[in-house]
Each structure stands twice: as C-alpha cells, then as structure tokens.
Amino acid sequence: MFYRSLRLAASLAIAVVTTTAHADSHAAGDAVKGKKVFKKCAACHNIGEGAKIKVGPPLTDVVGRKAASFDGFKYGKSIAAAGEAGLVWSEEELFDYLVNPKNFLRAKLENKKAKSKMAFRLKKEQDRADVIAYLKSLNM
C-alpha cells in the first residue's frame, strides 16, 4: 500500500512538473524572434491593419479570437466545427495546434476523420512560443 501511494505521489509530481514546463514554454516567447519565424507563415497568412485573405485567414488579433471566425474566409468543416463548439485561440490552444493541426482537430473534436486545410507545422517549441508572442503583440 505504501509503495502504491508513493508511486501515485511520484506520478502526480511528474504531471505537475510537465504541465508547468508546458505552460512556461508559452510565456517564454520572444516577439522579435517570432517575427522572423512568422516569415514561414507569411506565404499563407497576412498580418497587420488591413490584412487581406490569402490561402489562410489574416492572423492579426488571432490570439483570443474564436476559431474559424474571420469574416469572409472559407474555413474547412473541421475547424468550423471546432469554432462552433467554442474553440478560442488562446496561447495554449495555438501552441498545441501549430504542432500538428490535423491531430489537434481530431483530438478536439474527438473525430479521427477530422481534417485541417493547414498542413504546415511548427515542430520546435521555441518557434511556436516565439510566433505566438509575435502574434499576441499584434493584437489591436
């Protein structure tokens, strides 16, 4: 019984450390570095005042915006469903989405057939944190 309790306590400690490290990675973003990382995104997304729709929607004010809510952009069914279900682009949600948009939507919607029109991924945690810091700095 003692060892079972000890294992449970150790598992909880690991979970707390992992969660804290995950949350801290969002806070460590550098907007200046994120502007450079965003160049990878610029092929499909515009930013700034008066940004126009490209392959993807403009990302100005994306942090805090409801998913699939930029007026005039034709979103895919899965991301639209996530928005209708209440998905809001918090820093954490964006951080998780940018790793693998398709897998993110499949998990959010609990639908293994969910798809994403966005195939691009930012695998490096620091790149994701930096680009999110940059996007957040653009909120008007």
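Reading guide: rules and limits
Residues numbered from 1 in each chain as written. Predicted model: local features only at pLDDT ≥ 70, side-chain atom pairs only at ≥ 80, totals over all residues. Heavy atoms only, no water. Salt bridge = Lys/Arg side-chain N within 4 Å of Asp/Glu carboxyl O. Helix = DSSP H or I, 4+ residues; strand = E, 2+ residues; numbered from the N terminus. Buried < 20%, exposed > 50% of the residue type's maximum accessible area, 1.4 Å probe, protein only. Arc of directions from axis to C-beta. Contact = heavy atoms within 4.5 Å. Axes fitted to C-alpha atoms, helices over the stretch in contact; angles between N-to-C directions. Parallel < 35°, antiparallel > 145°, perpendicular 65-115°, else oblique. Left-handed = near helix turned anticlockwise from the far one by under 90°. Nonpolar A, V, L, I, M, F, W, Y, C, P; charged D, E, K, R; others polar.

A. Looking closely at the pattern of salt bridges. Counted under the stated rule, the structure contains 3 salt bridges. Asp127 is the partner of Lys40 in a salt bridge, and the nearest nitrogen-oxygen pair spans 3.7 Å. Of this pair, Lys40 sits in the loop between helix H2 (31–37) and helix H3 (77–84) while Asp127 sits in helix H6 (residues 125–137), and the two are 87 residues apart along the sequence. Given a relative accessible area of 16%, Asp127 falls into the buried group. Between Lys136 and Glu91 there is a salt bridge, with the nearest N and O atoms lying 2.7 Å from each other.

B. Representation of helix H5 (residues 101–109) in the model. Inspection of H5 places Pro101, Phe104 and Leu105 among the buried residues, and these make up the whole buried set. Around the axis of H5, the buried residues are gathered within 95° of arc, so they sit on the same side. Among the structural elements, H3 and helix H4 (91–99) are those in contact with the buried residues of H5.

C. Main features of the packing of H4 against H6. Across the interface, H4 lies against H6 with an axial gap of 10 Å and an inter-helix angle of 135°. Taken together, the axes of H4 and H6 are oblique relative to one another. Judged by the twist between their axes, the crossing of H4 over H6 is right-handed. Packed against H4, whose contacting residues are Glu91, Leu94, Phe95, Leu98 and Val99, the element H6 presents Glu125, Arg128, Ala129, Val131, Ile132 and Lys136 at the interface. Among the residues forming the contact of H4 with H6, the class breakdown is 7 nonpolar, no polar and 4 charged.

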